[in-house]
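Here is what each chain is made of, one letter per residue.
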Amino acid sequence: MPPRQLRFTSRRAPTKLLLCSIFVILIPLWIIITHRQKISYFFRPLWDKPPPPFQHLSHFYAENVSIPQLCRLHGWSPREHPRNVFDAIIFSNELDMLEIRWNELYPYVTKFVILESNTTFTGIPKPLFFASNRDRFSFAEGKIVHGVFPGRMASSGFHSDPFKLESEQRVAMNMFLRQAGISTGDILIMSDTDEIPSPHTIKLLQWCDGIPPVLHLELKHYMYSFEFPVDYSSWRASVHVYQAWTPYRHSRQSNLILSDAGWHCSFCFRNLREFVFKMTAYSHADRVRRNEFMSYSRIQKLICKGDDLFDMLPEEYSFRELIKKMGSIPRSASAIHLPAYLIQNAEKYKFLLPGGCLREFTDV
């Protein structure tokens, strides 16, 4: 008989296979956990559907065209007397944008109704920024109706959901508007501080009969300053012909939207402290996923590049739009068709204009 051949079984092969299997499982798992928000946003076109499209109303305007002619161009009729206009906002800390907004709208607004809270939407104590800077708005003092909403601290256990507190403040605005003297048939502007209707838009709506009772405003959206135009996707601002049942909301309330009706300048702050405050204070504060997100040097770098503060992908419903908006926002050298008060005070607000991306800076 031939001698028996001995077989030696190597243990290296199963060990390598096990290690490869672990890497195959752990690496994708690590990627999913670390970048789950980006992955979710990237595949949003697969799991989410866009809301019904708005019906865009054409918007006609040119200098030296009379209001009766503009009313007729829109299919409306001119009024003998203008409606009262109430501009109602929930205020946080956007003092510069508030100053621009109120100077733009001052000739057309009957009452500036402003409600602020002593806590953020996330339950963090905050100063009453408007109350402590009221002298800055003395030019509008006779039109200002200011109120304070008593917030609740996050530590109390009430209100883990920042959207709930935001909703409560908007509900409180309904009663506050009645205290401010709003009446049936008046014009009510519902928008955030940084969502500024153009003056000619408000003048048109207060002087024309036949306007829709609820009308959203399409605003040109900017990020960080008017140097970084994003698109015309801002729609939450709305104008209402007030009725007793009109609810103060920041959500969709109509299918009608008036085209090119103003400006929305998000995170348009003068000081880096203000960026950090908003990042931790507003309803989407959960987007601050790491402490380094609040580094002043990081924020400054992103502002000047036009990149996203939260390292997020665009929130879009189609792959085409998502891919188109990925990356930095292209700069614009145009300062045309911007708020007049901004241009009249260009030196004071140079941080909002082309070439002014550097902010007041203190490193942390």
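For the structure itself, consult the block above.
Structure report, in brief.

Thresholds applied
- Counting from 1, residues in each chain are numbered in the order their sequence is written.
- The model is predicted, so local features are restricted to residues of pLDDT at least 70 and side-chain atom pairs to those at 80 or more, both for listing and for counting; the totals for chains, interfaces and linings are taken over all residues.
- Calculated side-chain values reflect all of the structure's heavy atoms, with hydrogen atoms and water omitted.
- Put simply, DSSP H or I for four residues or longer makes a helix, DSSP E for two residues or longer makes a strand, and each gets a number counted from the N terminus.
- Think of it in three bands: residues with accessible area under 20% of the maximum for their type are buried, residues over 50% are exposed, and the middle band is partly exposed, with areas taken using a 1.4 Å probe on protein chains only.
- Contacts between residues were defined by any pair of non-hydrogen atoms, one from each residue, lying within 4.5 Å.
- Only buried residues count toward a nonpolar core, which is a set of Ala, Val, Leu, Ile, Met, Phe, Trp, Tyr and Cys residues joined through side-chain atoms within 4.5 Å.
- Should DSSP find at least two bridges between two strands, the strands are regarded as paired.
- Seen with its strands pointing away from the viewer, a crossover is right-handed if its path from the first strand over the helix to the second goes clockwise.

## Brief notes about the overall build of the chain
Step number 1: Helix and strand counts for the chain come out as 12 helices and 14 strands.
Step number 2: Relative to its full complement of 364 residues, the chain shows a buried share of 46%.
Step number 3: Across the chain, contacts joining residues at least 24 apart in sequence account for 74% of those joining residues at least 6 apart.

## Regarding helix 5 (residues 95-105)
Step number 1: In terms of burial, helix 5 is a largely internal element, 10 of the 11 residues being buried.
Step number 2: Those residues of helix 5 not exposed but buried are L95, D96, M97, L98, E99, I100, R101, W102, E104 and L105.

## Here we look at the nonpolar core
Step number 1: Residues F91, L98, W102, I114 and F130 are the most contacted members of the largest nonpolar core, which totals 37 residues.
Step number 2: Those residues in contact with I114 that sit more than four places away from it in its chain are I89, F91, L98, W102, F130, I144, V145, H146, G147 and F176.
Step number 3: With 20 residues, the next largest nonpolar core counts L272, C304, L309 and M312 among its residues.

## Considerations on the pairing of strand 4 (residues 111-117)
A regular strand carries its side chains on alternate faces of the sheet.
Step number 1: Counting buried residues along strand 4, six of its seven residues qualify, which places the element largely inside the surrounding structure.
Step number 2: Here strand 3 (residues 85-91) pairs with strand 4 via six bridges, running parallel. The residue of strand 4 that forms the bridge with F91 is E116.
Step number 3: Regarding the hand of the β-α-β motif, the stretch spanning strand 3, helix 5 and strand 4 is right-handed.

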